[in-house]
Amino acid sequence: MITLREITGYLEGLAPLSLQESYDNSGLQVGEPGQEVSGVLVVLDVSEEVLLEAERLGFNLVVSHHPVIFGGLKSITGRSTPERIVKLAIQKEIAIYSGHTNFDSVSGGVNTALANRLGLVDQKILDPVSSSLKKLVVFVPLAQLEQVRQAIFEAGAGEIGIYDSCSFSLEGTGTFRGGEGSNPFAGKAGVFHQEAEARLETIVPANLVNRVVRAMTAAHPYEEVAYDIYPLENTDPQRGMGLIGKLEHPMDEEVFLSFLKDRFHTGVIRHSVLLGNEVKQVAVCGGAGSFLLAKAKAAGADVFVTGDMKYHQFFEAEGKIVVMDIGHFESEQFTRELFYDLLIKKFPKFAVRLSETEQNPIKYF
Ligand SMILES: [Zn+2]
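Residues numbered from 1 in each chain as written. Predicted model: local features only at pLDDT ≥ 70, side-chain atom pairs only at ≥ 80, totals over all residues. Heavy atoms only, no water.

## Considering the sheet that holds strand S8 (residues 193–205)
So, step 1. Pairing is antiparallel across the open sheet formed by four strands, whose spatial order is S7-S8-S6-S9. Both outer strands of the open sheet, strand S7 (168–176) and strand S9 (227–231), are each paired with one neighbouring strand and no more. Averaged over all adjacent pairs, the angle separating strand axes in this sheet is 25°, with direction ignored.
So, step 2. For strand S6 (residues 133–141) and S9, the ladder comprises five bridges, and the chain directions are antiparallel. Bridge pairing in S9 places Lys 134 opposite Pro 231. (Pairing = 2+ DSSP bridges. Helix = DSSP H or I, 4+ residues; strand = E, 2+ residues; numbered from the N terminus. Axes fitted to C-alpha atoms, helices over the stretch in contact; angles between N-to-C directions.)

## A few points about the pattern of salt bridges
So, step 1. Enumeration according to the criterion identifies twelve salt bridges in this entry.
So, step 2. Asp 127 serves as the salt-bridge partner of Lys 295, at 3.5 Å between the closest nitrogen and oxygen. Of the two residues, Lys 295 is situated in helix H9 (residues 293–298) and Asp 127 in strand S5 (residues 121–130); the sequence distance between them amounts to 168 residues.
So, step 3. Under the relative-accessibility criterion, Lys 295 is labelled partly exposed at 39%.
So, step 4. Using a relative accessible area of 26% as the deciding quantity, one classes Asp 127 as partly exposed.
So, step 5. Lys 135 is paired through a salt bridge with Glu 201; the nearest N and O atoms lie 2.8 Å apart. A residue pair is termed long-range when its members are at least 10 positions apart, and Lys 135 in strand S6 and Glu 201 in strand S8 qualify at 66 residues.
So, step 6. Classification of Lys 135 by relative accessible area gives partly exposed; the value is 23%. (Salt bridge = Lys/Arg side-chain N within 4 Å of Asp/Glu carboxyl O. Buried < 20%, exposed > 50% of the residue type's maximum accessible area, 1.4 Å probe, protein only.)

## Side note on the coordination of the zinc ion
So, step 1. Within the protein, the zinc ion binds to His 66 (NE2), His 328 (NE2), Glu 332 (OE) and Glu 332 (OE); these donor distances fall in the range 2.0 to 2.5 Å.
So, step 2. Ordering the donors of the zinc ion by residue number gives the pattern H-x261-H-x3-E. Remark: His 328 occurs in helix H10 (residues 328–332) and His 66 occurs in the loop between strand S3 (61–64) and helix H3 (81–91); sequence separation between them is 262 residues.
So, step 3. Given a relative accessible area of 14%, His 66 falls into the buried group. (Donors = N, O, S within 2.8 Å, 3.2 Å for Na, K, Ca; no water.)

Here's what the structure looks like:
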């Protein structure tokens with residue numbers, strides 16, 4: 001038996017809700033965390049058709065990229081489309097979970113799926129977030145140093161880019177005196193004690209601090225563990241919007257446009273003026289990415305692949321980059337496979353399907 005809580009907990013472990021944009025409403029939309037899940041249907045957008053498809057399959061969870069409750073609902077009368085979807089989901093007892101801008105903001109998320117589709121190498125976050133990391137410092141007796149170090153690594157501390165198990169330790173002397181009722185691991189209660197200790201330090205993503213502190217105190221021999229958590233100003237190379245990467249084999253702009261069409265099954269690409277350059281570096285942002293155009297230019301990208309660009313925004317290419325708008329749906333279509341792959345990897349025996357009724361709401365004539 002798998003509960004909704006296990007599935008949402010897993011997805012939020014990969015892309016914490018704290019990473020979502022302020023305007024967003026990612027997370028559980030409809031459903032009770034404790035309910036048993038019979039199967040998952042994966043979509044970009046929830047619709048009434050999608051809910052009926054889930055019902056036909058006997059599935060009671062829909063995982064979507066775009067939240068169905070976005071600006072908030074004041075009533076559920078069935079007057080608007082989101083109201084009708086929520087009403088039907090409750091009637092059919094189908095839960096809805098959405099992973100939106102939190103999945104746009106992690107490496108391994110929406111933009112990784114897009115960049116992988118283009119075969120980009122040396123992928124880097126285009127606009128890394130800052131202040132999502134904390135420094136953890138703990139003082140440990142030397143004999144228990146390695147057990148504490150391993151416990152905090154296993155709980156998710158110490159990852160820097162593609163390196164894990166990163167820490168630093170320095171030996172020194174700790175002092176303490178146990179008060180009434182104490183039972184010190186070393187020395188005697190009421191007697192001033194000096195102990196050879198290490199100062200162990202590492203970094204922890206903000207959303208994992210509680211888990212790491214629990215693992216650390218469980219592995220630490222002292223009754224009272226001395227530790228500090230510091231806020232950091234560092235940018236986080238693993239988190240943030242957009243990606244930039246290199247093509248293994250540079251292409252002419254027109255060849256790249258054909259390649260894009262082929263990889264994203266689209267008949268139309270709106271693009272800014274071609275510059276006659278070779279395309280080597282490619283910046284991407286799934287969905288509406290105009291807010292990252294300046295970052296893409298500053299990072300030296302030859303092209304910027306995204307969706308939902310407006311007329312005036314094409315002028316902002318300013319002869320420095322070629323903007324290629326492949327469409328919102330097209331740029332995010334592989335997000336469905338991303339959710340599918342993540343869920344199947346974690347719950348291999350579980351029923352997960354991609355929706356067959358969902359379609360791009362925009363048609364081209
Ligand atoms: Zn989108």
